Amino acid sequence: MAALAAAGALIVGGGAAAAVGSGNADPLLPVPAPVVGTTYVLPDLAPFARTAESGTSEVSDAFEPPAPVGGGEAALRLQTPGETDKAAIRTTEDAGTSLAEWTSSAYWAYQGAAGNPIQFPSMQLEIDFDPADPAVGFSTLTYEPVYNPTASSAPDQWNRYQAGAGNWCSTRAIPGVIEESERRCNATKPLAAFVTAQPDIEVTALIINQGTSNPGLDAGVDLVSTPSTTYDFELVEPEIPGTDPCEEPTVPTVPTVPTVPTVPSGGHENEGDEQGGHEQGGHEQGGHEQNGNEGHEQPDNGGHEQPDNGGEQQPDNGGHEPPQCS
């Protein structure tokens, strides 16, 4: 039996196009800005916490491509160099949800190197199948691609695993669904079977796990979908366009003024606008231009012209002057 990878799991622009493994859903589209319903997990890994330190768990852009399509520019990188090394992160954000709500859960995974080519990171759910009795009911359910025959195990590409629709194993016996001889992946069952056997079963934590017995496994995980959100691992949180005070504003295009056709002599050119209208008897001679400093022409220091240090002119470091931008 293949070694178990568990010991017990609203965008900066989209990454380069990624190959998609067989049995996966359609690839997600690239996104240029934050996506509603997405939680961005930065290098501090919040809201996750490391639960294993012998291996490495970090946000990285080391893979090629660095994330699945629609997953931005980075992913969670898990490394277990030795046989007993383990890398895992855990969150309780969805604690108290019904296991039935996890049937649409999914994640993407990438295998960059592996001592055993069939191994990938797993998704794990800590559960309580008997919430009414605090003394019993704890177990850990594990989805692992190797125990799901239609899941892709292609290396050097991002594969999407629809874990909620797949088969899971349990670390402990669960009445009505997992017997003592079936635990620890001696048998796998769909989530629906666990819910049918124990309708009150609750999820208490989510773990992304790369367990022991995976020497040399260098793998990535991204876009982990739960009942409440999708976790996108990024080095920098995407910004909403237009919120950067140093961003140059977009100037709308001014439409081209149409060319005025030339009027033949005897028409408007000599008797209309030019002689008796705007040029001689209108604005040019008797109107705005020939009145010296009167009318609408701006005086040197009066009217609406801004004084050196008064009026509405902005001071060097006050008022509405924008911040210094490099």
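Details of the structure are given in the entry above.
About the cut-offs
Residues numbered from 1 in each chain as written. Predicted model: local features only at pLDDT ≥ 70, side-chain atom pairs only at ≥ 80, totals over all residues. Heavy atoms only, no water. Helix = DSSP H or I, 4+ residues; strand = E, 2+ residues; numbered from the N terminus. Buried < 20%, exposed > 50% of the residue type's maximum accessible area, 1.4 Å probe, protein only. Areas by Shrake-Rupley, 256 points an atom, 1.4 Å probe, with all protein chains shown as cover. Pairing = 2+ DSSP bridges. Contact = heavy atoms within 4.5 Å. Disulfide = S-S within 2.5 Å. Salt bridge = Lys/Arg side-chain N within 4 Å of Asp/Glu carboxyl O. Phe/Tyr/Trp six-rings, centres within 6.5 Å; stacked < 30°, edge-to-face > 60°. Lys NZ or Arg CZ within 6 Å of the ring centre and 35° of its normal.

1. Description of the overall build of the protein chain
In terms of helices and strands, the protein chain carries 2 helices and 15 strands. A total of 326 residues make up the protein chain; the buried ones form 39% of that total. Carbon and sulfur atoms make up 50% of the accessible area of the protein chain, which totals about 17,300 Å².

2. Observations regarding the pairing of strand β8 (residues 122-128)
Of all 7 residues making up β8, 7 are buried, and the element is well covered by its neighbours. Burial along β8 is two-sided: the residues Ser122, Gln124, Glu126 and Asp128 and Met123, Leu125 and Ile127 are all buried. In terms of strand pairing, β8 meets strand β13 (residues 202-210) through 7 bridges, oriented antiparallel. The residue of β13 that forms the bridge with Gln124 is Ile207. In the sheet, β8 pairs with strand β9 (residues 138-143) via 6 bridges, with the strands oriented antiparallel. For Ile127, the partnering residue across the bridge sits in β9 and is Ser139.

3. Examining the pairing of strand β14 (residues 217-225)
Counting buried positions along β14 yields 9 of 9 residues, so the element is predominantly enclosed. Where strand β4 (residues 75-80) and β14 come together, 5 bridges link them in antiparallel fashion. Counterpart to Arg77 in the pairing with β14 is Gly220. Here strand β7 (residues 106-113) runs beside β14; their pairing, made up of 6 bridges, is antiparallel. Bridge pairing in β14 links Ala113 to Asp218. What sits between the antiparallel neighbours β14 and strand β15 (residues 230-233) is a turn of 4 residues.

4. Brief notes about the side chain of Asn148
Considering the arrangement of structural elements, one finds Asn148 in the loop between β9 and β10 (158-161). Ignoring sequence-local partners within four residues, the contact set of Asn148 consists of Tyr143, Gly166 and Asn167.

5. Details of the state of the cysteines
In the structure shown here, the tally under the stated rule is 1 disulfide. Between Cys169 and Cys185 runs a disulfide, and the two sulfur atoms are separated by 1.8 Å. Placement of Cys169 in strand β11 (residues 167-170) and of Cys185 in the loop between β11 and β12 (189-190) is noted, with a sequence separation of 16 residues between them. With relative accessibility at 2%, the residue Cys169 sits in the buried group.

6. What to know about the pattern of salt bridges
Scanning the entire structure with this criterion turns up 4 salt bridges. For Arg90, the salt bridge goes to Glu126, with nearest N and O atoms at 2.9 Å. Pair noted here: Arg90 is in strand β5 (residues 87-91) and Glu126 is in strand β8, with a separation of 36 residues, a long-range link. For Glu182, the salt bridge is made with Lys189, and the minimal N-O distance between the two is 3.7 Å.

7. As for the packing of aromatic side chains
Enumeration according to the criterion identifies 10 aromatic pairs in this entry. Taking 6.4 Å as the distance between ring centres and 45° as the angle between the ring planes, the aromatic pair formed by Tyr143 and Tyr161 counts as tilted. Here Tyr143, found in strand β9, pairs with Tyr161, found in strand β10; they are 18 residues apart in sequence, far enough to count as distant. Tyr161 carries the same exposure label as Tyr143, and that label is buried. A cation over a ring is seen here: Arg77 above Phe63, with NZ or CZ 5.5 Å from the ring centre.

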